[in-house]
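If you want the building blocks of each chain, they are given just below.
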Amino acid sequence: MKYRIFAILPIAFFSSHLFAYIQIPDVAIHSRLPTSQKNKRLTTSLPIQVITQKQADILHANTVSELLQQSTSLVMQETDGSQAHATISMRGFGDNAAENTLILINGQPLTNPDISAPDLNLLPISTISRIEILQNSQSILYGDQAVGGVINIITKSPTDPVKKVNLSGGSFATRQAQGELGDAFKNGLGYDLNLGHFASNHYRAHNFEQKNHAMLDLNYHNDSTQSYLDFENINQHLQLPGALTRTQLNQDREQAKNHNDESNFNNALSMFGFNQLIAKNWQFKTEGSAMTGKGDGVMTLSHVPYSFDNRRQSFFVRPELSGSLRFSQFKLEPTFGTEFKNSQYRYKSTVYGSKDTQNQIAAFSEFKIPYQKAELNAGIRAAKAIDKIESNNIRTSNDDHVIISSIGFTYHFTKTWQAYVRRAGNYRFPKVDENSNTQNNQPLKPQTGISYETGLLWQTKKISTLVALYQLDLRNEILYVPLINSASGFGFNQNLSHTRRRGISLNTSYKIMKDWQLNLGYQYVHPKFMTGSYEGNDIPNVPKQTLTLGTTIRFLRQWDFFINGDYIGKRYANNDVKNIQLLGGYTTLNTGLGC
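1. So, the overall build of the protein
1) Next: Within the protein, the regular secondary structure consists of 4 helices and 35 strands.
2) Next: Taken against the 2.2 N^0.38 rule, which gives 25 Å for 595 residues, the C-alpha radius of gyration of the protein at 23 Å falls within 12% of a compact globule.
3) Next: Structurally, the protein occupies a C-alpha span of about 70 × 55 × 40 Å along its principal axes.
4) Next: Taken over 595 residues, the protein has a buried fraction of 53%.
5) Next: Of the contacts formed within the protein by residues at least 6 apart in sequence, a portion of 65% connects residues at least 24 apart.
6) Next: Carbon and sulfur atoms make up 57% of the accessible area of the protein, which totals about 26,100 Å².
7) Next: One finds the centroid of the 58 positive side-chain charges in the protein at a distance of 6 Å from the centroid of its 48 negative side-chain charges.

2. Focus: the packing of aromatic side chains
1) Next: What the rule picks out here adds up to 10 aromatic pairs.
2) Next: With a centroid separation of 6.2 Å and 10° between ring planes, the pair formed by F308 and Y347 is classed as stacked. Placement of F308 in strand β18 (residues 304–323) and of Y347 in strand β20 (residues 331–349) is noted, with a sequence separation of 39 residues between them.
3) Next: On the basis of relative accessibility, which here comes to 8%, the residue F308 falls in the buried class.
4) Next: With a centroid separation of 5.6 Å and an interplanar angle of 15°, the aromatic rings of W417 and W458 are classed as stacked.

3. Topic: the nonpolar core
1) Next: Ranked by size, the top nonpolar core spans 31 residues in total, and within it L67, L68, I88, I131, I133, I151 and I153 carry the most contacts.
2) Next: Apart from the residues lying within four places of it in its own chain, the contact partners of L68 are L74, M76, I88, L120, I131, I133 and I151.
3) Next: Within the second largest apolar cluster, 10 residues are counted, among which are V481, L496, V525 and V577.

4. Overview of the confidence of the model for the protein
1) Next: Looking at the protein, pLDDT values average 85 and 90% of them are 70 or higher.
2) Next: Mean pLDDT across the elements of the protein bottoms out in strand β2 (residues 6–8) (33) and peaks in strand β24 (residues 417–428) (96).
3) Next: Scored below 50 in pLDDT, residues 1–37 makes 164 contacts in the model with residues more than four places away or belonging to other chains.

5. Points about the side chain of S324
1) Next: Here S324 is to be found in the loop between β18 and β19 (325–326).
2) Next: A relative accessible area of 15% places S324 in the buried class.
3) Next: What S324 contacts, discounting residues up to four positions off in sequence, is N281, W282, K331, L332, E333 and P334.

6. Here we look at the side chain of S137
1) Next: Along the chain, S137 turns up in the loop between β9 (128–134) and α3 (139–142).
2) Next: A polar contact of 3.2 Å, which involves the side chain of S137, links it to the side chain of N426.
3) Next: Residues contacting S137, with those up to four places away along its chain left out, are A146, V147, R422, A424, N426, S451, E453 and L472.

7. Topic: the environment of A173
1) Next: Position of A173 among the secondary structure elements: in the loop between β11 (162–170) and β12 (174–184).
2) Next: Residue A173 is classed as partly exposed on the basis of its relative accessible area, which comes to 37%.
3) Next: Through-space distance from the C-alpha of A173 to that of V467 is 41 Å; in sequence the pair is 294 residues apart.

8. Thoughts on the environment of F316
1) Next: Turning to its location among the elements, F316 is positioned in strand β18.
2) Next: A relative accessible area of 4% means that F316 is categorised as buried.
3) Next: When the C-alpha atoms of F316 and I361 are compared, they prove to be 10.0 Å apart, with 45 residues separating the residues in sequence.
4) Next: Not counting chain neighbours up to four residues away, the residues in contact with F316 comprise Q108, P109, E287, G288, S289, E339, F340 and K341.

9. Overview of the pairing of strand β15 (residues 225–239)
1) Next: Here strand β14 (residues 209–221) pairs with β15 via 13 bridges, running antiparallel. In the sheet register, N219 faces β15, and the bridge partner there is Y228.
2) Next: The turn linking β14 back onto β15 is made up of 3 residues.
3) Next: With 15 bridges joining them, β15 and strand β16 (residues 262–279) adopt antiparallel strand pairing. Across the sheet, residue Q236 finds its bridge partner in β16, namely F265.

10. A look at the pattern of salt bridges
1) Next: With the rule as written, the count across this model stands at 16 salt bridges.
2) Next: In this structure, the salt-bridge partner of R91 is E453, at a minimum N-O distance of 3.4 Å. Here R91 is found in the loop between β6 (87–89) and β7 (101–105), whereas its partner E453 is found in strand β25 (residues 447–459), with 362 residues between them in sequence.
3) Next: Given the relative accessible area of 5%, R91 is considered buried.
4) Next: It is possible to trace a salt-bridge network through shared partners that takes in E287, R318, E339 and R381.

11. Some remarks on a nonpolar patch on the surface
1) Next: Together, L376, I407, F409, Y411, F413, W417, V421 and L456 line one region of the surface with nonpolar side chains, adding up to about 690 Å² of accessible area.
2) Next: Those elements that provide at least two residues to the nonpolar patch are β23 (394–412) and β24.

12. Some thoughts on the pairing of strand β13 (residues 189–200)
1) Next: Summarising the sheet, β12 and β13 pair through 10 bridges and their orientation is antiparallel. Within β13, the position partnered with R175 by the bridge is A199.
2) Next: The sheet contact formed by β13 and β14 spans 12 bridges and is antiparallel. Bridge pairing links A199 to Q210 in β14.

13. Looking at unusual backbone geometry
1) Next: The backbone of F172 sits at a positive phi, close to 60°, despite the residue not being glycine.
2) Next: Within the element layout of this structure, F172 appears in the loop between β11 and β12.
3) Next: A relative accessible area of 38% means that F172 is categorised as partly exposed.
4) Next: If you check the backbone angles, H206 has positive phi at about 50° while not being a glycine.
5) Next: Tracing the chain through its elements places H206 in the loop between β13 and β14.

14. What to know about the environment of V64
1) Next: Inspection of the secondary structure assignment puts V64 in helix α2 (residues 64–68).
2) Next: Filtering out sequence-adjacent residues up to four positions away, V64 remains in contact with L120, N121, L123, I125, I128, I131 and I153.

Conventions and cut-offs
- Residues numbered from 1 in each chain as written.
- Predicted model: local features only at pLDDT ≥ 70, side-chain atom pairs only at ≥ 80, totals over all residues.
- Heavy atoms only, no water.
- Helix = DSSP H or I, 4+ residues; strand = E, 2+ residues; numbered from the N terminus.
- Rg over C-alpha atoms; globule rule 2.2 N^0.38 Å.
- Buried < 20%, exposed > 50% of the residue type's maximum accessible area, 1.4 Å probe, protein only.
- Contact = heavy atoms within 4.5 Å.
- Areas by Shrake-Rupley, 256 points an atom, 1.4 Å probe, with all protein chains shown as cover.
- Lys, Arg positive; Asp, Glu negative; His and termini not counted.
- Charge placed at Lys NZ, Arg CZ, Asp CG, Glu CD.
- Phe/Tyr/Trp six-rings, centres within 6.5 Å; stacked < 30°, edge-to-face > 60°.
- Core = buried A, V, L, I, M, F, W, Y, C linked by side-chain atoms within 4.5 Å.
- pLDDT = per-residue confidence, 0-100.
- Polar contact = N/O pair within 3.5 Å; in protein donor to acceptor, adjacent residues only side chain to side chain.
- Pairing = 2+ DSSP bridges.
- Salt bridge = Lys/Arg side-chain N within 4 Å of Asp/Glu carboxyl O.
- Patch = residues over 30% accessible without salt bridge, like charges linked within 9 Å, V, L, I, M, F, W, Y side chains within 5 Å.

Below, the structure written as structure tokens:
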């Protein structure tokens, strides 16, 4: 049995900590498949920031959210007082960040049919092998929502017998228990069972959270075949303290706005993957998932509490064929695939009801041409969404389609220097509940965009530095805009005409000694309305500058210490499209000691 002692100072939910960038080579296709298809990495020649299980141990992280806090490639913000449903922003998104960042589990999308952020802590931390963070548009391969970037959470399968029990505790009466049992057999079969319990009062009043989870992984592999089947279930009870005004924050930021609101959720997720080597240089794989969610609770609106009930269902499947063709002077690596996704969302309360369905179909292809120190890649994707919407007994339907393309070039000057430049199309379809809340019940158009990106990576055994520049232009960006002079605070989801984000990021990690690392991260972004009613204004809830400086040290073989300071720059308040209320920047300190 393993006990953890961990002390932590109050943590704001904007936090960063840089880990090394690595160049992940394209997946090679040989006469044998690797031992685990579940360890699916992002197939790209772009630099990827990686958080490993070893780094999770040093930080004594208990959840995936705590791990993601340590990345300089993203900004996290709470939405309900717990870390599970935090929104993740990359490339300058604010109120709509959750819909423009794609979360993957083993390469499969973890998304909800509605605008609620996915549960980042659905997976127990003990099942995580690594987390890959790619701060680039990736809609060609991964489709809807891969606009600002992609986060791929990769789970592990045991290679040896595993028997673990972990107990941990912390401030705000936080306590957690996890157990794991698994094994891998000589015939290629393996299993892994994880059970866990989490409870915490959190730092605000009326913010108690209790969560139970269970996960079962079954897998099989041989030289030519790989397959896995995962089952996950999570139950959560969460008290909701409500949003505070600036005056209330100054008085007591730990207070609750009300003591009635709460939510109860049950989420079940099943995932499968099958990978078959069909020829020496070709493989066929198919993967998919099914998710169901049930929730109920109480929410206060205009000082009146009302009950709600919602249901979520989604089904996803993606068959894919990839291979390699050799010519006299070069090699061509094509990938062909299709996707189908069905999403259903039901919401019922005392004041509002909706019943929405969306079907998405897509076809895509990508071609890579590696040659000596360079690689040229290009891709194209066509996608269609069919919506059926019923909101307060008003029924509408809508069909949308998009076609996007990308082209990029990567060059390795030396073993330590690499540069890239690319033009990448991206898109996202409106969520089912976004289309049920539009002005005059008019369906939203799909959001499309182009990202222009370039970067330079320098990496040695001791230091890694990535400098990146980008310009992200969007058409019909989907954003919730409150009604002007509305006492109720209600508004509608709208298509914006043209928005632009220009930015630069600098991330550096220096390994002072074997167990001592210094990290620095800086990001600047200028998010702007280019045309329309808000032309020239900044996009709200996006800090223009973030700065992080931190260090991690392991000493006496088993003791770990980390400290980092974060500066979050000025930004306009949520939904403040008219730029009336500018919020000041702030600095936080995050530190911990554990063994």
